[in-house]
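Each chain, written out:
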Number of protein chains: 4
Amino acid sequence: MPVETQEEVPEIRERLRRVGITNLRSVAKINWKGQTYTFLPLFEVTIDVPAEKKGIHMSRLVESITDAMSEAVEEEVMKVHTSLEELGKCIIRHLEGKHPHKRAEVWIKTHLIIPRKTPASGKTSYEPYDVEVGVIKNEEGAFKKVLRVKVVGNTACPHAMANNEGKTHIQRAIGELEVKTAFEEEIALEDMIDVVESSFSHPTYTLLKTVDENAVVQGMFANPKFVEDVAREIFANARERFKGKIHVRVISNESIHKHDVIAETWS
Amino acid sequence: MPVETQEEVPEIRERLRRVGITNLRSVAKINWKGQTYTFLPLFEVTIDVPAEKKGIHMSRLVESITDAMSEAVEEEVMKVHTSLEELGKCIIRHLEGKHPHKRAEVWIKTHLIIPRKTPASGKTSYEPYDVEVGVIKNEEGAFKKVLRVKVVGNTACPHAMANNEGKTHIQRAIGELEVKTAFEEEIALEDMIDVVESSFSHPTYTLLKTVDENAVVQGMFANPKFVEDVAREIFANARERFKGKIHVRVISNESIHKHDVIAETWS
Amino acid sequence: MPVETQEEVPEIRERLRRVGITNLRSVAKINWKGQTYTFLPLFEVTIDVPAEKKGIHMSRLVESITDAMSEAVEEEVMKVHTSLEELGKCIIRHLEGKHPHKRAEVWIKTHLIIPRKTPASGKTSYEPYDVEVGVIKNEEGAFKKVLRVKVVGNTACPHAMANNEGKTHIQRAIGELEVKTAFEEEIALEDMIDVVESSFSHPTYTLLKTVDENAVVQGMFANPKFVEDVAREIFANARERFKGKIHVRVISNESIHKHDVIAETWS
Amino acid sequence: MPVETQEEVPEIRERLRRVGITNLRSVAKINWKGQTYTFLPLFEVTIDVPAEKKGIHMSRLVESITDAMSEAVEEEVMKVHTSLEELGKCIIRHLEGKHPHKRAEVWIKTHLIIPRKTPASGKTSYEPYDVEVGVIKNEEGAFKKVLRVKVVGNTACPHAMANNEGKTHIQRAIGELEVKTAFEEEIALEDMIDVVESSFSHPTYTLLKTVDENAVVQGMFANPKFVEDVAREIFANARERFKGKIHVRVISNESIHKHDVIAETWS
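Asks: How should I be thinking about the interface of chain C and chain D in this particular structure?
Replies: Bring the parts together and some accessible area is lost; that lost area is often taken as the interface size. Contacts between the two partners involve 42 residues from chain C, matched on the other side by 42 residues from chain D. Among the secondary structure elements, those contributing two or more residues to the side of chain C that touches chain D are β1 (16–25), β4 (42–49), α3 (158–163), α6 (227–241) and β10 (260–266) of chain C. Here the side of chain C that touches chain D gets nine residues from one element, more than from any other, and that element is β1(C). Tallied by class, residues from the side of chain C that touches chain D come to 21 nonpolar, 11 polar and 10 charged.

Asks: Where do I start with the confidence of the model for chain A in this structure?
Replies: The predicted coordinates of low-pLDDT regions are not to be read in fine detail. All names here are of chain A. Residues at a pLDDT of 70 or more form 96% of chain A, whose mean pLDDT is 94. Every residue in residues 71–78 scores below 50 in pLDDT, and together they form 15 contacts with partners more than four places removed in sequence or on other chains. We note a pTM of 0.96 for the whole complex and an ipTM of 0.94 for its interfaces.

Asks: Would you mind showing me how to read the interface of chain B and chain A here?
Replies: Counting residues at the interface gives 42 residues for chain B and 42 residues for chain A. Contributing elements (two or more residues each) for the side of chain B that touches chain A: β1 (16–25), β4 (42–49), α3 (158–163), α6 (227–241) and β10 (260–266) of chain B. Sort the elements by how many residues they give to the side of chain B that touches chain A and β1(B) lands first, with nine residues. Looking at side-chain class alone, the side of chain B that touches chain A contains 21 nonpolar, 11 polar and 10 charged residues. Bridge count for strand β10 (residues 260–266) of chain A against β1(B) is five bridges, and the pairing is antiparallel.

Asks: Honestly, the relation of the copies chain B and chain A in this entry has me stumped. Any pointers?
Replies: To go from the first copy of the chain to the second, apply a rotation about an axis and then a shift along the same axis. Once chain B is rotated about the relating axis by 180° and shifted along it by 0.0 Å, it coincides with chain A to within an RMSD of 0.0 Å. Viewed as a symmetry operation, the transformation between the two copies matches a two-fold axis. By C-alpha distance to the rotation axis, the residue of chain B lying nearest is B:His247, at 11 Å. When the interface residues of chain B are mapped onto chain A, 100% of them again lie at the interface, so the same face is used by both copies.

Asks: Just checking my understanding: could you explain the relation of the copies chain C and chain D for this structure?
Replies: By a simple turn and slide, chain C fits onto chain D: the slide is 0.0 Å along the axis, the RMSD is 0.0 Å, and the turn is 180°. Residue by residue, 100% of the interface of chain C is reproduced at the interface of chain D, so both copies engage with the same surface.

Definitions and cut-offs
Residues numbered from 1 in each chain as written. Chains lettered and ligands numbered in written order. Predicted model: local features only at pLDDT ≥ 70, side-chain atom pairs only at ≥ 80, totals over all residues. Contact = placed C-beta atoms within 7 Å. Helix = DSSP H or I, 4+ residues; strand = E, 2+ residues; numbered from the N terminus. Nonpolar A, V, L, I, M, F, W, Y, C, P; charged D, E, K, R; others polar. pLDDT = per-residue confidence, 0-100. Pairing = 2+ DSSP bridges. Least-squares fit on C-alpha atoms with pLDDT ≥ 70 in both.

Okay, here's the thing in structure tokens:
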């Protein structure tokens, strides 16, 4: 019989809030509006440990992931989850049968590729976004979720434009939006991405023919924005569209500096 | 006369909490107990923006850094700050004369090299640590600080040891300790590093002769610890020694897995 | 009519070897032995620019990627490539019809998840690996390829073991194997991964029940290895199994040090 | 008497080219033209291992670093090296007395902060650069060196400018220059930085008052450049000024795309 050191009483009796596995790369399959998408996300799964237990049984957390999506490596399988947060909740549900705990969290981080139409030629361009979803079951058994998107856009400086007869500095900027809300709230990551992407001086595209490039250039000059403006627009639109606690962070990779500028706020 | 677009009223009237510069690499000199140390830290400096102002004057934040340590590039200079947090506060003090604001933050992130004695041969070994200091002036003008250290150590698994007649898996682990406290609290980063470093199965060293290596190996086997044990020990010791809000995070780069395990808690 | 600045003669007449797009995240689908796998790789596509042309038409490189896998975003599609290098070659073939060039390169970097059996309980464990494939068409039109795998394993130090009555330090180690070879050489990334994974003190697993953990611990102690031993074994096995130029690099995240150790060699 | 496992004959008799320590953070002091500068670089030190030796004595490599700069942690010390490559050579010289080898390499990676004058107001701005120096002693005992600099600048697209009546997209760009040459060649990292920095549409500055910002904006529009143009100019100037093998790589963080563009060439 193996010794279960985890079940011993620890020297220092202190409850720990988050113990588990992190930086675990695996496969996930999500069925979104009838289409199946495959991801290779990073997972983090944690539970609390009571003061009187030395440790947790880590392998049961891994099994909960595997059980929730065991068949997902092969493409034929049809039974898939309808969102990353449904997958996260499913992992917690599996965990309930395997390991006692009061609090549980699952975090799933991946890329999302969304087809767009380019602004002038109307060609299809596949745009990449970084997304992260957290599902948190608290001590009362209630489920909350945290949704995060990270979108690449740009800023054209209005101050330099006003002082240089229409010329200005332009640069890549990255907008991040986080919504913490009840698990039941229906919020699509795609809608959060739209809120961020529409708040820049102009959206960016992977594919741009010359006519499209011209449209983006003209659009950026027609819509000069500070990093502060981008943050305010994301914040205002997110608050209007999404119920929950909202956090916005915009970083602009200034083309005239070696450092970045930042604007951040939260509700 | 240049246009000051920053002073205009923005379309969306919303106060922003943190606007400024980030990822700015520069030089800092600190006089610690009579010795002068030079760092090449990353700086972040932010202030709040009221609802009725479109933006901030970013260059004044850069000038506040430069003014606070203008002469610091050359080594001869004698006027230096006594800690990273004193430098941070000094940057905010310079900022007060340059840019109106209610809230200001300075974050300074660097490496710290500390000489140690190796466990058996007593040779000097220079150990690197990652540290970060935040100084926050709130709306009432009160100063708080956030101190963070990140220390590399190791864990020897007690569960595997109990089940394998003394054999076990061992791995590198990283312990992080954060203390949020009043600015006046005297807490040395070196003491925080000691709390973390003494909580592993054994401290690590840059230089280890064979006798030292043996001492570390014997020490790790004499002191098996879960990542949970390390987190609890850091937390208990930090709470006893440092006044303030404490956050502990330990990551173990498991040698038997491709992923990491994590234990985290906070007061 | 748009101006084609790219076609102008540059001030400095100098041929450039590699010009193109990089860090482009997109979707790829590969049919490997009858199963379809979906990836979200990073792409780099470059061509040479002759001395008398100012620049290249970047959008045509993006279109070559899109054309090669246009339908790949939706899972239903059946027409897929049989390997990452076939996809790379297909991108170059599309490029030939779009943009004059003498030399072309495509680099595709992704994660690969492979199911394994755990050493004692025989459970299925999904193991993640980093892979990169480069396809290079040279000035004569000949195709070469570069295959790279990165595998996480471990080392148990034989020197410490000999000096501490069987006790030793153990740590995570990362082995990298690169093979540069003719495009036609049939070399599976999975086989390269096997060569690396079998060269450590022991392979690692995402899922390990107690009996499996015991097997890994016993295996590591039965098979102590320097980082040098791991590099030599990878090199010798790779040379025997794979025709081409071989490069091996092993990094061990020492548990007794804060730094890493490295062993590297090439043919 | 400790066992010296490293001296045993390995199972696989194969010479290894590079074995040693890497990612070791420490302190370095360099006296450059009469001023002493302190760095916190990352070090890599490797030697070759003959076919008949199982491994190397890693601690002797660490000691060679420590010996070469033992007193360097405290600022008062006056004995310092005149360049990073002199420090690297000094580490190899110490190594010669400690560990037999035929080939040795030392790599030192750090940031360099250089004071500049801003373009209009003439204020002092401290600019950060990434530099890396490699010193290689080959089997014949001859010393070579590799010098690398990484500089942040910008590109203003000439194609978009020609098609949009003077409007264009602008973005941050990163230029990398490497020179491999004889150890005796006198090449200052500062001069390499100048070659890269002067090849962008315009240099960037940490501090920019409004008049300076205007000068940079006007300068970027007056000097539109493809990433290809930047690479060619760096390459042509470097070849003229520096004797040795030259490698140039420029990455532009496009403001209209989510991906980057790249231009690379070498002699």
